[in-house]
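Architecture and fold: a report
The lines below spell out each chain.
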Amino acid sequence: MKNINQLWSLIGLLFITFSGYAGEVITFTPKAGDRTYEIRQALEKASKNDLTVVFEKGEYLFKPDLAYEQECFVTNHENGVKRIAFHFNGFKNLTIKGNGSDFIFHGQMMPFRFDNCENVKVEGFQIDWDIPFSFQAEIIEVNEEEGWRIVKPFTDGFSWKLKGQRIVFPEIDEFSFSCLGSSLPFDPVTKNISHGAHDQTSIPTKVERLSNGNLKIYEKQKYFAPVGSILHSKGKKGENRYAPAFHMINSKDLHFDNTVVHHAIGMGYLAEKCENVSIINSGVYLKEGTNRVVSSLADATHFCNVKGDILVENCRFENMLDDGTNVHGTYVVVDEVVDDHTVRVKLAHFQQTGFEFTEKGDEIWFIHAPSPSRKGVSTVAKVEYINSTFSNITFDEKLPAELKAGDLLENKTYNPVFTMRGCVIQNHRARNIVLKSPLKTVIENNKLSSMMSSILFRGESFYWYESGAVKDVLIQNNEFTNCANAGKEHAVMWITPRLGKDYSTTEDYDHGIKFINNTIRTFDARIVRADRAADLLIKGNKIYQTTELTPLFPDRAQFEFDNCSRVEVSNNTYEGDERLGFKADEKSKKTLKIKNNSGIKNSTKFSQK
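Described in the following lines is the structure provided in the data block. (Residues numbered from 1 in each chain as written. Predicted model: local features only at pLDDT ≥ 70, side-chain atom pairs only at ≥ 80, totals over all residues. Heavy atoms only, no water.)

Moving on: the overall build of the protein. Broken down by element type, the protein carries three helices and 52 strands. Rg of the C-alpha trace for the protein: 26 Å, near the compact-globule value of 25 Å for 609 residues, within the 12% margin. Seen through its principal axes, the protein has C-alpha atoms that stretch 90 × 70 × 55 Å. Of all 609 residues assigned to the protein, the portion counted as buried reaches 57%. (Helix = DSSP H or I, 4+ residues; strand = E, 2+ residues; numbered from the N terminus. Rg over C-alpha atoms; globule rule 2.2 N^0.38 Å. Buried < 20%, exposed > 50% of the residue type's maximum accessible area, 1.4 Å probe, protein only.)

Laid out in structure tokens, this is it:
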């Protein structure tokens, strides 16, 4: 009787465990060896509606040999055939529960791709690689005049060889980068970017192995990494963005909770042409105790033409080689006006090809050079994709009479309401947060430290062609610490549209930015630098000078305005060495208000108002 009661108790426990899941449940248990094909087969046989995939806690290894293979267009990455461990296409009501598991990848792989999926919940696991796509070496000696450096390469956990007179890495599955490429030094103790560092592209003329195992690298450079730093290389541009850890495309209602990316051979999380994405209690950062200095090879998070709501909350982004987040749309260039209703457009950046800019029913803005302003809106009736670069777009309404080759189109429909709160972003290359959505944007209660500008606004009508101008941004109650510590000039917040010669007007671009009630601890001078901004409020911020880092540009103005309209700087306080407070051009001065600030030196050109 006792055994029967125990049996019924066990059955009841199992019922309680699985009754919480709707639909089909697939459970995997940890065991040795490559799990790619086994899991692929199970998922290919599973229902695409109401599926729960459960991983019992443990380690799972994934290799590319038997992975699903697909030709993929991946924005801001290299296009081509990708080996995908978890390929979800057309799934609805999908839940993936990792229970704290470690997913270890080997070689060139895209861990997760969600294509045309809806209502996806992903939680509870870490992504890492057994061998990173990196070369690391300690700088032992430098001779700038003769153009060489001696380094002690990392061997434990890294894959590289000296072939002939060049370093080959990572030597995984017959793949290796063509050169050291993009390189950056890190502090060996803090694992932050070395103070005053510059990006550099490393293509040595020759490399010699010394008798003690160190390497002597011959290469003339403008910037040499400091002795004692850890120099990290990731290959050159065009080779080093294979795929994000999580790729979301043409999908809706995606939710990530407690998912961590320790390494990725591209971005951490990438969403393009999606609707409603949330990433909470998650991160992109190094595994505790590792000897690595880099997590993802590109942005921690990236959102391209996402509509609905994006929430990034209580996350940690560290040691990636690009931005903490970048939120933007896409400009396409008018190639030819075909008829009264149809225009041919092209994708102009080499890492945008294949991107589906629009679909029937979308509203599109027209932007006529030389003005960068959005002038009119039309609704898409039909799209004909000619190839990966060109497409014909037919509109319900007649095209504007002034539309011409070289003008831009921007997708009005695919823009998000964006919120980032409670996050820590530090110890990485580039910017903490890049913002380019015209809808409501809130950045609050974050702890931020950056190599370049912490907050960047940069719509681009050339090169990256990332739209667009913001309209309603609130940046409040954040802590900024020693931001803009790279060797080039930046600012804690930098508003700087990059519009090129075709749009070289002084017309207002970004609007409605409120930078209020933040705490800024800085070693340098620049706080806010703004170009072509209107209705900019800088109020109630507390600024403190720090002393642990040497100032790089101490003579710059704390607040600098070019071609701006209706700027107010009020009720801010500063404690530290005297700095030049303000610098502004004639247009900005006309409507600039400076009042009730404490400790900030007013230029003689300005008076309290």
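There is more to say, and it comes next.
The strand order 14-13-17-9-10-16-15 describes an open sheet built from seven strands, whose pairing is antiparallel. Of all strands in the sheet, those with a lone pairing partner are strand 14 (200-202) and strand 15 (206-209), marking the two edges. Within this sheet the neighbouring strands show an average axis-to-axis angle of 40°, counted without direction. (Pairing = 2+ DSSP bridges. Axes fitted to C-alpha atoms, helices over the stretch in contact; angles between N-to-C directions.)

Another aspect to go through is a nonpolar patch on the surface. A cluster of nonpolar residues, Phe350, Phe462 and Tyr463, forms a patch on the protein surface that exposes about 270 Å² of accessible area. Structurally, Phe462 can be placed in the loop between strand 37 (455-457) and strand 38 (466-467). (Patch = residues over 30% accessible without salt bridge, like charges linked within 9 Å, V, L, I, M, F, W, Y side chains within 5 Å. Areas by Shrake-Rupley, 256 points an atom, 1.4 Å probe, with all protein chains shown as cover. Salt bridge = Lys/Arg side-chain N within 4 Å of Asp/Glu carboxyl O.)

What follows covers the packing of aromatic side chains. Each aromatic ring pair is described using two quantities: the centre-to-centre distance and the angle formed by the ring planes. One pass over the structure, following the stated rule, counts 36 aromatic pairs. Measuring from centroid to centroid gives 4.9 Å for Phe55 and Phe103, while their planes differ by 65°, and the two rings are edge-to-face. With Phe55 in strand 2 (residues 49-55) and Phe103 in strand 6 (residues 92-105), this residue pair connects regions lying 48 residues apart in the sequence. Neither residue differs from the other here; Phe55 and Phe103 are each classed as buried. Summarising the aromatic geometry, the rings of Phe114 and Phe256 are spaced 6.3 Å apart at their centres and angled 70° between planes, so their arrangement reads as edge-to-face. Note that Phe114 is positioned in strand 7 (residues 110-115) and Phe256 in strand 19 (residues 252-261), a separation of 142 residues in sequence. The same class applies to Phe114 and to Phe256, which are both buried. Across the ring face of Tyr242, the terminal group of Lys82 is positioned such that the distance to the ring centre comes to 4.3 Å. Above the plane of the ring of Tyr285 lies Arg316, whose end atom (NZ or CZ) is 3.8 Å from the centre. (Phe/Tyr/Trp six-rings, centres within 6.5 Å; stacked < 30°, edge-to-face > 60°. Lys NZ or Arg CZ within 6 Å of the ring centre and 35° of its normal.)

Turning next to the nonpolar core. Core analysis: the biggest nonpolar cluster contains 133 residues, and Phe114, Phe246 and Phe561 have the highest contact counts within it. Ranked by residues supplied to this core, first place goes to strand 8 (residues 118-129) with five residues. Those residues in contact with Phe114 that sit more than four places away from it in its chain are Phe88, Leu94, Ile96, Val120, Val122, Phe246, His247, Met248, Ile249, Ser251, Leu254 and Phe256. Listed in part, the 16 residues of the second largest apolar core include Val332, Val334, Leu347 and Leu403. (Core = buried A, V, L, I, M, F, W, Y, C linked by side-chain atoms within 4.5 Å. Contact = heavy atoms within 4.5 Å.)

Its place among the elements puts Arg532 in the loop between strand 45 (528-531) and strand 46 (533-539). A C-alpha to C-alpha distance of 8.3 Å links Arg532 and Phe561, two positions 29 residues apart in sequence. In contact with Arg532, other than residues within four places in its own chain, are Pro497, Leu499, Tyr503, Thr505, Thr506, Glu507, Asp508, Tyr509, Asp510, Asp562, Asn563 and Cys564. A distance of 3.3 Å separates a polar side-chain atom of Arg532 from the backbone oxygen of Pro497. (Polar contact = N/O pair within 3.5 Å; in protein donor to acceptor, adjacent residues only side chain to side chain.)

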